[in-house]
Amino acid sequence: MSTLVDLRSDTVTQPTPGMRAAMAEAPLGDDVFGDDPSVNALQEKIASLLGFEAALFVPTGTQSNLCAILAHCQRGDEYIVGQMQHCYRWEGGGAAVFGSVQPQPLEHQGDGTLALADIEAAIKPDDPHFARSRLLALENTLGGKLLPFGYIEQATALAASKGLGRHLDGARLFNAAVAQAAESGGDARAEARRIAQCFDTVSVCFSKGLGAPVGSALCGSRELIARARRVRKMAGGAMRQAGVLAAAASYALDHNVVRLADDHALAQRLAQGLGGLTGLQVEPPQTNIVFVDLVGPARDESKVLLEHLANQGILATGLYRLRFATHLDVDAAGVDRAISAIRQFFKG
Ligand SMILES: *Cc1c(COP(=O)(O)O)cnc(C)c1O
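Residues numbered from 1 in each chain as written. Predicted model: local features only at pLDDT ≥ 70, side-chain atom pairs only at ≥ 80, totals over all residues. Heavy atoms only, no water.

### What about the nonpolar core?
- One finds Ile-46, Leu-50, Phe-57, Phe-174 and Phe-206 to be the most contacted residues of the largest nonpolar core, which totals 60 residues.
- Counting 28 residues, the second-largest nonpolar core is a separate cluster that includes Leu-280, Leu-294, Ala-316 and Ala-338. (Core = buried A, V, L, I, M, F, W, Y, C linked by side-chain atoms within 4.5 Å. Buried < 20%, exposed > 50% of the residue type's maximum accessible area, 1.4 Å probe, protein only.)

Shown next, in the form of structure tokens:
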């Protein structure tokens, strides 16, 4: 029976037969010469989908954010960013290491936003004592949370009014767009574009919920993307017959955007299935990530619980705060297995 139910991350998906076929059939060239038709087609597709002049295919979201920050900022500049954002906390300090760009991290509010007053207070005057405030970086979704669209408009307008560039780490932009479309009754692609158009650069991951094996894209103006292309080269990210990967990403954009709603529904199913247990506090999910806090006497049980789950072929991550991500390779039966294994643990 037991196939693995891998809820550690939405990065663990395997390419489907359709995606593999698209990869196998992709026309290829040397992308460092600009000759790979599949890379060029993907870059045009994502740029036009999100409403930008240009896009750059990169191996990872980390490199995409690095290219963006270094395209916006010079040595001695700073970017304003949230404490929990990937491009501050989870990228090895790359912007500082490779670009001598200083982060100015801010605390998040409960809904994941950075308070407008905090952003404004963090923007330094032009004075030799200070690093030059150059960029505001936001992330959507952030830990599975959808940033309110009205907030994004206000925060990016504030940044622009102070002469700052605006970057979105949209690793999960399409999860945000699908959730926003469910609220507005709109179209997911149109919502993705509406969010993206508040920014000068947007990074999206194909290797998360979209289900491609590798790859991200950075979108922006021709000028910013030309600068990002230099950084990608320096970072060792200029690839050759990368069309074999770009074809998977392109397939993902065509087939796997709207279905993210299924992942969100499974996250709801998981959260609801864990209701009413003592020792657990479930944060109601907005997209595809469910956080579960162990509380009271169960607080130190997370390692034991993760082991109990792993013994039944169910994988998750976390310490006090367990994290379950739904994705293409998880179905309702898998989620139900996770629910009953967790319930069994707390009853036993
Ligand atoms: C996953 C992720 C990235 C980049 O991840 P890579 O593993 O480098 O592709 C960037 N930002 C966010 C918000 C992410 O979740």
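### Quick word on the sheet that holds strand E10 (residues 289–294)
- Ordered by their spatial adjacency, four strands build an open sheet running E9-E10-E13-E12, and the pairing between neighbours is antiparallel. Of all the strands in the sheet, the pair left with one neighbour each is strand E9 (280–282) and strand E12 (317–318).
- Bridging between E9 and E10 involves three bridges; their strand directions are antiparallel. Its bridge partner lying in E10, Gln-281 is registered against Asp-293.
- The sheet contacts of helix H12 (residues 260–273) involve E9, E10 and strand E13 (321–325), and relative to E10 the element is tilted by about 20°.
- Against the sheet, helix H13 (residues 302–311) makes contact with E10, E12 and E13, and its axis sits at roughly 30° relative to E13, the strand it touches most. (Pairing = 2+ DSSP bridges. Helix = DSSP H or I, 4+ residues; strand = E, 2+ residues; numbered from the N terminus. Contact = heavy atoms within 4.5 Å. Axes fitted to C-alpha atoms, helices over the stretch in contact; angles between N-to-C directions.)

### Section: the site of the ligand
- All residues adjacent to the ligand are Thr-60, Gly-61, Thr-62, Asn-65, His-86, Glu-91, Glu-139, Asp-169, Ala-171, Arg-172 and Lys-208.
- A distance of 2.8 Å separates an oxygen atom of the ligand from a polar backbone atom of Gly-61.
- Within the contact set of the ligand, an oxygen atom lies 2.6 Å away from a side-chain nitrogen or oxygen of Thr-62.
- Relative to its unbound accessible area of 380 Å², the ligand is 81% covered by the protein chains. (Near = heavy atom within 4 Å. Polar contact = N/O pair within 3.5 Å; in protein donor to acceptor, adjacent residues only side chain to side chain. Areas by Shrake-Rupley, 256 points an atom, 1.4 Å probe, with all protein chains shown as cover.)

### So, the domain arrangement of the protein chain
- Domain boundaries in the protein chain define domain 1 (14–255) and domain 2 (259–347).
- Put simply, the middle of domain 1 and the middle of domain 2, counted by C-alpha atoms, are 29 Å apart.
- Tallying the contact residues gives 15 residues for domain 1 and 13 residues for domain 2.
- Buried area between domain 1 and domain 2, summed over both chains or domains, comes out near 1,200 Å², and the portion from carbon and sulfur atoms is 55%. (Domains from an automatic or database assignment. Buried area = accessible area lost by both parts, 1.4 Å probe.)

### Brief notes about the packing of helix H8 (residues 173–184) against H12
- At a closest axis distance of 9 Å, the pairing of H8 and H12 adopts a crossing angle of 80°. Classified by the angle their axes make, H8 and H12 are roughly perpendicular. Of the residues in H12, those touching H8 at Phe-174, Asn-175, Val-178 and Ala-179 are Leu-260, Ala-261 and His-264.
- Of the residues that constitute the contact of H8 with H12, the class distribution is five nonpolar, two polar and no charged. (Parallel < 35°, antiparallel > 145°, perpendicular 65-115°, else oblique. Nonpolar A, V, L, I, M, F, W, Y, C, P; charged D, E, K, R; others polar.)

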